[in-house]
Amino acid sequence: GLALPTSAKTVKMPPKPHLGKSVMGLVSPKLDIVRVGFIGVGQRGYGHVKHFCHLDGVEIKAICDTHQTVLDRAIEFVVEQDLPKPTAYTGSEHAYQEMLKRDDIDIVIISTPWEWHAPMGIDTMENGKHAFVEVPLAMSVEECWQIVDTAERTQKNCMMMENVNYGRDELMVLNMVRQGVFGDLLHGEAAYIHELRWQMKELDHKTGSWRTHWHTKRNGNLYPTHGLGPVSQYMNINRGDRFDYLTSMSSPALGRALYAQREFPADHERNQLEFVNGDMNTSLIKTVKGRTIMVQHDTTTPRPYSRHNLIQGTNGVFAGFPNRIALEQSPFNQGEQASAESFHRWDMDMTRWYDKYDHPLWQQMGQEAERNGGHGGMDFLMLWRMVYCLRNGEALDQDVYDGAAWSVVNILSEESVNNRSNSVTFPDFTRGAWKTGKPLGIVGA
Ligand SMILES: NC(=O)c1ccc[n+]([C@@H]2O[C@H](COP(=O)([O-])OP(=O)(O)OC[C@H]3O[C@@H](n4cnc5c(N)ncnc54)[C@H](O)[C@@H]3O)[C@@H](O)[C@H]2O)c1
């Protein structure tokens, strides 16, 4: 049997008292140049380093990784761009703490395995730096609270870098939602459906070397934030609404053992693992305002990629993968023509929708983002926007409360799955500030 993490027991505790001031809408002093340190430059972190080499107003000061090969690769890349050579930190799991002692670093980009995110994010803020952490932000409820408490006490930013919020389609839908195109919002659907069994072949280094083991430890939604981030922004979660409770179910866990049997010899280490994470996990979230969100996780079954990206309102629906729209009242068919428009049929051609509703940020920065690449430009645009906000004294688009709320689905789903799908209450990491939090602005560049 699998013991519940002790942290799960804290879920129903009343809101904790503040250890500092709320960081909702936190604006920190403008930075002329954003001086950066990186922890973890494997598959993901190396991409961030490359993008930072092409951003204005930044300096790469230091890079830390326990794996010499990827550390050298990242430093060489920076030097090849004719930029000053960053200082390398390596040699132990805690070498990053030496890097954090430097006084010439403003922000730290953390792209390490999941279990390191919260400790590294907390240490970063404790050392007076802003933390930018890969997804998910934390792996236990207790860690979520610790990271929130630390941000409030130190008044530092701790942004979980949910890049999907910067995808062209997600930005467009956010813009459409704000213009009322879908009417009042009722329901959303989110997912991380991405077949990643092949990562089990990564044994000593790379993602599969550590991620595979989470499938033997936890039965729930291991990776909720890519789908949930955008749907949460459509619904103004933590900015007028909030996740209230969740219920979750998992299918049997069959695919990874089958894959191991097929792909590895019987005595291989991958055939000694007991996979407990249900191949398909489905959770339902109820918000305080009564809206519903379905969020799924499946990195195992053979099927096409999807984040669902569905938002349903009283006037119609947008769905992703593939993109499609159906509206009762369409902006393209007003008056007499209106009846010709049928919400019974999907409009699959996005051209006119992009023309009319592309987010101002994408209109201005989309070409440059696509040129720089990274999941169709979303990675570059996110990093560009982080630097822009830091240099211009603007609040970041995602705060520590967002990261905690979206990530905690990981833990709460496990608790519900292990308890016959009974509902589990979300902690209010904002401690009530969600009631007055301002919706995200539709910003330009
Ligand atoms: N947002 C996205 O689209 C996206 C895409 C891929 C990965 N990710 C996330 O990025 C993170 C990293 O994933 P990855 O695929 O790059 O994995 P990876 O294994 O390729 O890279 C992790 C790196 O961290 C290093 N590391 C581990 N412990 C360390 C420590 N104590 N100190 C310093 N370095 C340490 C490893 O040596 C490795 O180089 C994960 O959280 C993953 O979920 C996000």
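Residues numbered from 1 in each chain as written. Predicted model: local features only at pLDDT ≥ 70, side-chain atom pairs only at ≥ 80, totals over all residues. Heavy atoms only, no water.

Another aspect to go through is the sheet that holds strand 1 (residues 34–39). Pairing within the open sheet is parallel, and its 6 strands lie in the order 3-2-1-4-5-6. Among the strands making up the open sheet, the edge pair consists of strand 3 (87–89) and strand 6 (158–160). Strand-to-strand twist across the sheet, computed as the mean angle between neighbouring axes with direction ignored, equals 20 degrees. In terms of strand pairing, strand 2 (residues 58–64) meets strand 3 through 3 bridges, oriented parallel. Along strand 3, the bridge assignment pairs Ala62 with Thr87. Set on the sheet, helix 1 (residues 43–53) makes contact with strand 1, strand 2 and strand 4 (107–110); between it and strand 2 the angle comes to about 155 degrees. (Pairing = 2+ DSSP bridges. Helix = DSSP H or I, 4+ residues; strand = E, 2+ residues; numbered from the N terminus. Axes fitted to C-alpha atoms, helices over the stretch in contact; angles between N-to-C directions. Contact = heavy atoms within 4.5 Å.)

Moving on to the sheet that holds strand 8 (residues 243–250). By way of backbone hydrogen bonds, the strands of a sheet pair with one another, either parallel or antiparallel. The strand order across the open sheet formed by 8 strands is 13-12-11-7-10-9-8-14, and the pairing between neighbours is mixed. Among the strands making up the open sheet, the edge pair consists of strand 13 (324–327) and strand 14 (424–425). Bridge count between strand 8 and strand 14: 2 bridges; the pairing is antiparallel. Each residue of the ladder has a partner; that of Tyr245, found in strand 14, is Thr425.

With that settled, the discussion passes to the pattern of salt bridges. A complete count under the given rule lists 22 salt bridges for this structure. A salt bridge links Arg35 to Asp106; the shortest N-O distance between them is 3.0 Å. Of this pair, Arg35 sits in strand 1 while Asp106 sits in the loop between helix 3 (95–100) and strand 4, and the two are 71 residues apart along the sequence. Overall, Arg35 belongs to the partly exposed group, its relative accessible area being 26%. Classification of Asp106 as buried rests on a relative accessible area of 11%. Linking Arg218 and Glu414 is a salt bridge whose minimum nitrogen-to-oxygen distance equals 3.6 Å. Here Glu414 lies in helix 14 (residues 409–417) and Arg218 lies in the loop between helix 7 (207–214) and helix 8 (225–234), a separation of 196 residues in the sequence. For the pair Arg218 and Glu414, one class covers both residues: buried. (Salt bridge = Lys/Arg side-chain N within 4 Å of Asp/Glu carboxyl O. Buried < 20%, exposed > 50% of the residue type's maximum accessible area, 1.4 Å probe, protein only.)

Pairs of aromatic rings are described using the distance from one ring centre to the other and the angle between the two planes. Across all of its chains, the model carries 15 aromatic pairs by this definition. Note on Trp114 and Trp210: the rings are 5.4 Å apart at their centroids and 75 degrees apart in plane angle, and the pair reads as edge-to-face. With Trp114 in the loop between strand 4 and helix 4 (117–126) and Trp210 in helix 7, this residue pair connects regions lying 96 residues apart in the sequence. Side by side, Trp114 and Trp210 carry an identical accessibility label, which is buried. Their ring planes at 25 degrees and their centres at 5.5 Å tell us that Trp114 and Tyr223 sit as a pair that is stacked. Pair noted here: Trp114 is in the loop between strand 4 and helix 4 and Tyr223 is in the loop between helix 7 and helix 8, with a separation of 109 residues, a long-range link. The exposure classification of Trp114 matches that of Tyr223, with both residues buried. Following the ring pairs from residue to residue traces out a cluster consisting of Trp114, Tyr192, Trp210, Trp214, Tyr223, Tyr305 and Phe321. Between the NZ or CZ atom of Arg324 and the centre of the ring of Trp346, over which it lies, the distance is 4.8 Å. (Phe/Tyr/Trp six-rings, centres within 6.5 Å; stacked < 30°, edge-to-face > 60°. Lys NZ or Arg CZ within 6 Å of the ring centre and 35° of its normal.)

Attention shifts here to the site of the ligand. Close contacts around the ligand come from 27 residues, with Gln43, Arg44, Asp65, Thr207 and Trp210 the closest. Contact between the ligand and Gln43: an oxygen atom at 2.9 Å from a main-chain N or O atom of the residue. Measuring from a nitrogen atom of the ligand, one finds a side-chain N or O atom of Glu134 at 3.1 Å. Taken by itself the ligand offers 850 Å² of open surface, and the protein chains cover 90% of this. Those elements giving two or more residues to the shell around the ligand turn out to be helix 1, helix 4 and helix 7. Residue classes in the shell around the ligand are distributed as 10 nonpolar, 12 polar and 5 charged. (Near = heavy atom within 4 Å. Polar contact = N/O pair within 3.5 Å; in protein donor to acceptor, adjacent residues only side chain to side chain. Areas by Shrake-Rupley, 256 points an atom, 1.4 Å probe, with all protein chains shown as cover. Nonpolar A, V, L, I, M, F, W, Y, C, P; charged D, E, K, R; others polar.)

Time to look at the UniProt feature "domain: Gfo/Idh/MocA-like oxidoreductase N-terminal" (unreviewed entry) in the chain. The UniProt entry lists residues 34–160 under the feature "domain: Gfo/Idh/MocA-like oxidoreductase N-terminal" (unreviewed entry), expressed in the numbering used here. Annotation note: span residues 34–160, helix share 43%, strand share 21%, distance between end C-alpha atoms 18 Å. (UniProt positions renumbered as here; feature names shortened; annotations may be inferred.)

Moving on, we get to the confidence of the model for the chain. With 95% of its residues at a pLDDT of at least 70, the chain reaches an overall mean of 95. Under a pLDDT of 50 for its full length, residues 1–11 has, in the predicted model, 18 contacts with residues more than four places off or in other chains. In the model output, the complex is listed with pTM 0.96 alongside ipTM 1.00. (pLDDT = per-residue confidence, 0-100.)

This part is about helix 12 (residues 378–392). For helix 12, with 15 residues, the first-to-last C-alpha span of 21 Å sits near the 21 Å given by 1.5 Å per residue. The element helix 12 is largely enclosed, with a buried count of 12 among its 15 residues. Buried within helix 12 are the following residues: Met378, Asp379, Phe380, Leu381, Met382, Leu383, Trp384, Arg385, Met386, Val387, Cys389 and Leu390. Just past helix 12, the residue Gly393 takes up positive phi, approximately 65 degrees. (Expected span 1.5 Å × (residues − 1).)

On to the UniProt feature "domain: Glycosyl hydrolase 109 C-terminal" (unreviewed entry) in the chain. When the UniProt feature table is mapped to this numbering, "domain: Glycosyl hydrolase 109 C-terminal" (unreviewed entry) covers residues 171–330. As annotated, residues 171–330 comprises 22% helix and 27% strand, and the C-alpha atoms at either end are separated by 19 Å.

This paragraph deals with the nonpolar core. If you look at soluble globular proteins, the nonpolar side chains tend to sit buried side by side. Counting 79 residues, the largest nonpolar core has Ile147, Phe182, Phe243, Ile285 and Val400 as its most contacted members. With 6 residues, helix 5 (residues 141–154) is the single largest residue contributor to this core. Once residues lying within four places of it in the same chain are set aside, the contact partners of Phe243 are Leu228, Ser232, Ile237, Ile285, Lys286, Thr287, Ile293, Ala405, Trp406 and Phe426. Counting residues in each nonpolar core, the second largest holds 42 residues, with Val36, Ala74, Val164 and Met365 among its members. (Core = buried A, V, L, I, M, F, W, Y, C linked by side-chain atoms within 4.5 Å.)

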